[in-house]
Amino acid sequence: MAALGWLTPRRRSATARSVLAGEASAEAARKSSQEAQETAPVLETADREPEFPVLGDDKAAAFFDLDNTVMQGAALFHFGRGLYKRKFFETRDLARFAWQQAWFRLAGVEDPEHMQEARDSALSIVKGHRVAELETIGEEIYDEYMADRIWPGTRALAQAHLDAGQKVWLVTAAPVEIAQVIARRLGLTGALGTVAESVGGVYTGKLVGEPLHGPAKAEAVRALASAEGLDLSRCAAYSDSHNDIPMLSLVGHPYAINPDAKLRRHAREKDWRLRDYRTGRKAAKVGIPAAAGVGAVAGGTAAAIALSRRRR
């Protein structure tokens, strides 16, 4: 499908669009979190290192990228598979989704052209559909394609923050409705995601601002931290991509998880903590929260075994 013309910045500067996207995502995340607080699932606690995360520090929170950080692969592509199964689009579109997902899994990095094309396709597909319909479908798609792709090691890191009484947010370019489903299923506080415009509960096929990617993620985190009264120097952020360096640089505790080459190099230069669950390698620097401990090593090993079996 051809790219939609309105996605190309014209009168607005890129920075202004990033701020708009970030503020819209933060507003959607806070609203969803407030509605879900009383029904959030209670998960088992894990042993943790007392120094970090700090128990009871209500000025601290954690922000997790989704694709290839919390989950193997890209959420948007899994969402596309689910929509195809429900006959939202044709086989030729599924083939493109499959190729983009395969490239992402093999390369381990985001290709801007692929991501842009996927977003254009998704927006055109959901245009005219009700928001409530996509939220319900998102629950089903999570069970079908995403639940077994969560990295146990990263999940343990998120649980360490939850056990310390801190809020934990996903920050992703995926549609905010899908991101919120994933956050809720994992017992997290909420999610910052790309906000698609809707009127009267029906998608228009346009975005509010721009996709929550790169600088827009940093703006979303900044806006949420301001609204929540957080001290970013006491917060943590986790990502696999060099595109998220703006977000990682905002916080006092940045982590490179399953990093691409550029982020790995940057993290080493900045003395950031690293963890790679794709091969079971241990952190390149000590100091990872102890909640990652057994769960992290087991998660990395299990993931490596699973990937090996799939390749046979």
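Definitions and limits used
Residues numbered from 1 in each chain as written. Predicted model: local features only at pLDDT ≥ 70, side-chain atom pairs only at ≥ 80, totals over all residues. Heavy atoms only, no water. Helix = DSSP H or I, 4+ residues; strand = E, 2+ residues; numbered from the N terminus. Buried < 20%, exposed > 50% of the residue type's maximum accessible area, 1.4 Å probe, protein only. Contact = heavy atoms within 4.5 Å. pLDDT = per-residue confidence, 0-100. Phe/Tyr/Trp six-rings, centres within 6.5 Å; stacked < 30°, edge-to-face > 60°. Core = buried A, V, L, I, M, F, W, Y, C linked by side-chain atoms within 4.5 Å. Salt bridge = Lys/Arg side-chain N within 4 Å of Asp/Glu carboxyl O. Pairing = 2+ DSSP bridges. Axes fitted to C-alpha atoms, helices over the stretch in contact; angles between N-to-C directions. Arc of directions from axis to C-beta. Polar contact = N/O pair within 3.5 Å; in protein donor to acceptor, adjacent residues only side chain to side chain.

Now for the overall build of the protein. A count of helical and extended segments in the protein gives eleven helices and eight strands. With 312 residues in all, the protein has 52% of them scored as buried. Long-range pairs, those at least 24 residues apart, make up 66% of the contacts in the protein between residues at least 6 apart in sequence.

To continue, consider the confidence of the model for the protein. Averaged over all residues, the pLDDT of the protein equals 76, while 64% of them reach at least 70. Across residues 1-13, confidence stays below pLDDT 50; counting only partners more than four residues off in sequence or on other chains, it has 23 contacts. The low-confidence segment residues 38-50 (pLDDT under 50) makes 22 contacts with residues lying over four places distant or belonging to another chain.

As enumerated under the stated definition, the model contains two aromatic pairs in all. Aromatic pair Phe64 and Tyr238: ring centres 4.1 Å apart, planes at 5 degrees, arrangement stacked. Taken together, the residues Phe64 in strand E1 (residues 61-65) and Tyr238 in strand E6 (residues 236-239) connect sequence positions 174 residues apart. Owing to a relative accessible area of 1%, Phe64 belongs among the buried residues under this scheme. Judged by centre distance (4.4 Å) and plane angle (15 degrees), the ring pair of Tyr238 and Tyr255 falls under stacked. Separated by 17 residues along the polypeptide, Tyr238 in strand E6 and Tyr255 in strand E7 (residues 253-257) bring together distant segments of the chain. With respect to class, Tyr238 is no different from Tyr255; both count as buried.

Right, let's talk about the nonpolar core for a bit. Membership of the largest hydrophobic core comes to 44 residues, with the highest contact counts inside it found for Phe64, Leu83, Met146, Leu170, Ile182 and Tyr238. If we skip the residues at most four places from it in the chain, Leu170 touches Phe64, Leu66, Val70, Ala179, Ile182, Ala183, Leu188, Gly190, Ala191 and Leu192.

Taken as a whole and judged by the stated rule, the model has 15 salt bridges. Here Arg86 makes a salt bridge to Glu144, at a shortest N to O gap of 2.7 Å. Residue Arg86 is found in the loop between helix H2 (75-85) and helix H3 (91-107), and its partner Glu144 is found in helix H5 (residues 131-146); the two are separated by 58 residues along the sequence. Owing to a relative accessible area of 31%, Glu144 belongs among the partly exposed residues under this scheme. With a closest N to O distance of 3.6 Å, Asp231 and Arg234 form a salt bridge.

Okay, the sheet that holds strand E8 (residues 273-275) next. Spatially, the six strands line up as an open sheet ordered E3-E2-E1-E6-E7-E8, and their pairing is parallel. The sheet terminates laterally at strand E3 (190-194) and E8, the two strands that pair on one side only. Averaged over all pairs of adjacent strands, the angle between strand axes in this sheet comes to 20 degrees, irrespective of strand direction. With three bridges connecting them, E7 and E8 associate as parallel partners. Of the residues in E8, the one forming a bridge with Tyr255 is Arg273. Lying on the sheet, helix H6 (residues 152-163) is in contact with E1, strand E2 (167-175), E6 and E7; it crosses E1 at an angle near 160 degrees.

Time to look at helix H7 (residues 176-185). Most of H7 sits out of view: eight of its ten residues are buried. Regarding H7, the residues found buried are Val176, Glu177, Ile178, Ala179, Gln180, Val181, Ile182 and Ala183. At the C-terminal side of H7, Gly187 shows a positive phi close to 75 degrees.

Within helix H10 (residues 261-270) the residues assigned to the buried category are Leu263, Arg264, His266 and Ala267. Down the axis of H10, the sector holding all buried residues measures 165 degrees, keeping them to one side. Exposed side of H10, more than 90 degrees from the buried face: Ala261, Arg268 and Glu269 are the residues found there. For H10, the N-terminal cap is Asp260; the gap from its side-chain oxygen to the backbone nitrogen of Lys262 is 3.3 Å. Two residues or fewer past H10, Asp271 is found with a positive phi of approximately 65 degrees.

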